[in-house]
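Architecture at a glance
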Amino acid sequence: MKILIRAKWSNLAIIIASSIIVSGCNSSSSDKKEETQSKAQVAYTHISQLGGDATAVSASDSGHGFSTPMPNLTTEQLTQHLAGDAHFETAFTTAPNSEHPELDGLGPVFNNQDCNSCHQRDGRSSTITLAQGQERVLLGSEAGIFLRMSIDDGECSNPSADNNYCKNAGVDGFGTQLFHRGVLKARDDWQENPFIGQADVYLAYEYSTVEYADGSSVELKKPIFSIEQPYDVSAENRLDSAILQADVRYSPRNGMPVFGLGLLELISDTDILANADENDSNSDGISGRPNWVFDPIKAQSNDPVPVSLGRFGWKASTPSVRVQSLGALRGDMGVTNPLFPDESIANTPLHESYLTRTNFVDTGVDEQGNTEASQEFSDEVVFYAETLAVPARRNIENESVIAGAQLFDQVNCTGCHQPDFTTAKGELLVGGLPAPDGLKGQKIYPFTDMLLHDLGEGLADNRRDFTATGVEWKTRPLWGIGLTKTVNPAAGFLHDGRAATVEEAILWHGGEAQQSKADFMAMTPADRQALLDFVMSL
């Protein structure tokens, strides 16, 4: 069902706003306006190259605006990037595939067959809509969203060997991700339920309305998920399923943009932690903190403390592009690789049954112990994600955009959406391999502090993710956000795609962002539009 936004303002109001460089949230006098106008513009007002030398300046209005390689790659690096690009589009098939063995290894249960399905054109996945009169829809091949899951075992704040490094406790027989699709014979009941994974997942929406003081309003939607036909019980006893117990916590995960990730990985830990304020020592109501997570690369190299600063994912639950990418390859698609050599459902009753039924033709490794994705494939697809360019800004001399830049700072959106960093220099590693020189020493403007923040009960998933609590989310980078709908008109915002627009996303903010949201809602329609114009210029 298409979201209808009833908040409207006239073109005349926007034209009037464009003649004012800045206006305060609640400014009602010409004296206050003149005082605000006299202030120096914030430093990021006219910045165009959001990724420094790794910015794509010629793709800003393109449907492929997120798919450009960094312009400062060497010829050899560009070749590697383009090879990874092809892998990103690869659709895997059920093993064995004798004609194309390089494509087999899908599943046996999975969420999608290729990277692009969850990261369409390297951007966000499509938000699923309901036809008129339809109450819910079954997640299938078109879904770029899935459910994380784990047992509620309380908070974990200090990762160590004693607490398994704060890893989430998986659901017995299922794990920590619900796979709603499967290969033909994935389940015992495959003849009655072909192509179902661990369970069927249905999506519905509940709606609410937010009203501004000026009388305009915006309708918001929230996804509601329900689970049916889990593999571990019969239809008559489905409530006995391990994934339908009261202590199981679920969290939706929507595909997110994959450009600029190598730059974010090269922000030093020191620079990120400098913005942490866990106890809100400056009393501004904002207390960003890091997520400390298990690092499989460190564990593989026998590091005695395999813990790193979390950087990627909706809750900063992965430490590097390599862990994020290869974890998705094994998790979302069921394709084993050198970093994650075991099937996602290894040692579960579902997997044992599948192997027995299919005569062990798809074990995740071949006779030589090689994984389904080779080291070369893995390295190239990771390098692709590390070296996608950041699109340049647009409309930076537009007066409404300029005014919005000042308002963005004035209402303290920058309290979480930290404008800039400079990436590290020297002999550096990304995901355990040498970092490309083109990522180093770049002044970038991602508009994120890379930290966790409490965004309130409205967005809470009530599921711990390493040290992140059920109300915390990592600040999303805003660079490129204005091209979201150009790249994929059906894309949504936030972790479950609930927001059809940036305005809706703002209206879902609470917790540490509650005051900034309140200030945004108190603005005149023209000022609200100016702030949105600025964000859409990024």
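Our subject is the structure that appears above.
Values in this document were obtained by computation on a predicted structure and should not be read as measured data. (Residues numbered from 1 in each chain as written. Predicted model: local features only at pLDDT ≥ 70, side-chain atom pairs only at ≥ 80, totals over all residues. Heavy atoms only, no water.)

Some words on the overall build of the protein
Assigned secondary structure in the protein consists of 14 helices and 18 strands. Here the protein has a C-alpha radius of gyration of 24 Å; the compact-globule value for 538 residues is 24 Å, and the two agree. With the principal axes as the frame, the protein shows a C-alpha extent of 80 × 55 × 45 Å. Residues classed as buried in the protein amount to 57% of the 538 residues present. (Helix = DSSP H or I, 4+ residues; strand = E, 2+ residues; numbered from the N terminus. Rg over C-alpha atoms; globule rule 2.2 N^0.38 Å. Buried < 20%, exposed > 50% of the residue type's maximum accessible area, 1.4 Å probe, protein only.)

Let's talk about helix H14 (residues 525–537)
In this model H14 runs 18 Å from its N-terminal to its C-terminal C-alpha over 13 residues, within 8% of the 18 Å that 1.5 Å per residue would give. Along H14, 10 of the 13 residues are buried, which leaves the element largely enclosed by surrounding structure. Every buried residue of H14 is accounted for by Ala 526, Asp 527, Arg 528, Gln 529, Ala 530, Leu 531, Leu 532, Phe 534, Val 535 and Ser 537. (Expected span 1.5 Å × (residues − 1).)

Concerning the environment of Ser 48
For Ser 48, the location among the structural elements is in the loop between helix H2 (30–38) and strand S1 (55–56). The exposure class assigned to Ser 48 is partly exposed, which follows from its relative accessible area of 25%. Remark: the alpha-carbon pair of Ser 48 and Tyr 445, spanning 397 residues in sequence, is separated by 9.2 Å. For Ser 48, the residues in contact, after removing those within four places along its chain, are Thr 55, Ala 392, Arg 393 and Ile 396. (Contact = heavy atoms within 4.5 Å.)

Considering the state of the cysteines
Scanning the model with the defined rule gives 1 disulfide in all. Cys 118 takes part in no disulfide bond, and the closest cysteine sulfur to it belongs to Cys 115, at a distance of 8.7 Å. (Disulfide = S-S within 2.5 Å.)

Some remarks on the sheet that holds strand S9 (residues 248–254)
Spatially, 3 strands are ordered S5-S4-S9 in an open sheet, and the strand pairing comes out antiparallel. Looking at strand neighbours, the two that pair on one side only are strand S5 (177–178) and S9, the edges of this open sheet. Note: strand S4 (residues 145–151) against S9, 7 bridges, orientation antiparallel. The residue bridging Arg 148 from the neighbouring strand is Ser 251, located in S9. (Pairing = 2+ DSSP bridges.)

Section: the nonpolar core
Counting residues in hydrophobic clusters, the biggest one holds 119 residues, and the most contacted among them are Leu 178, Phe 520 and Phe 534. Considering each element in turn, this core owes the most residues, 6 residues, to helix H9 (residues 375–386). Setting aside residues no more than four positions away along its own chain, Phe 520 makes contact with Tyr 212, Glu 503, Ile 506, Leu 507, Arg 528, Leu 531 and Leu 532. Membership of the second largest hydrophobic core comes to 7 residues, among which are Cys 156, Cys 166, Val 293 and Phe 294. (Core = buried A, V, L, I, M, F, W, Y, C linked by side-chain atoms within 4.5 Å.)

Overview of the pairing of strand S8 (residues 217–228)
Bridge analysis of strand S7 (residues 200–211) against S8 gives 12 bridges, and the strand direction is antiparallel. Across the sheet, the residue bridging to Glu 211 is Ser 217, located in S8. Between the end of S7 and the start of S8, which pair antiparallel, lie 5 residues, with Gly 215 showing a positive phi angle near 100°.

Thoughts on unusual backbone geometry
Of all residues except glycine, most have a negative phi; of all peptide bonds, most are trans. With an omega of -5°, the peptide bond between Ala 95 and Pro 96 qualifies as cis. Counting through the fold element by element, Pro 96 comes out in the loop between helix H3 (75–89) and strand S2 (109–110). Although it is not a glycine, Asn 302 adopts a positive phi angle of roughly 65°. Within the secondary structure, Asn 302 sits in the loop between helix H6 (296–300) and strand S11 (307–309).

A closer look at the sheet that holds S7
The strand order across the open sheet built from 3 strands is S3-S7-S8, with neighbouring strands paired in antiparallel fashion. On the outer flanks of this sheet lie strand S3 (137–138) and S8, each paired with one strand and no other.

On their own, these measurements won't tell you what the molecule is for.
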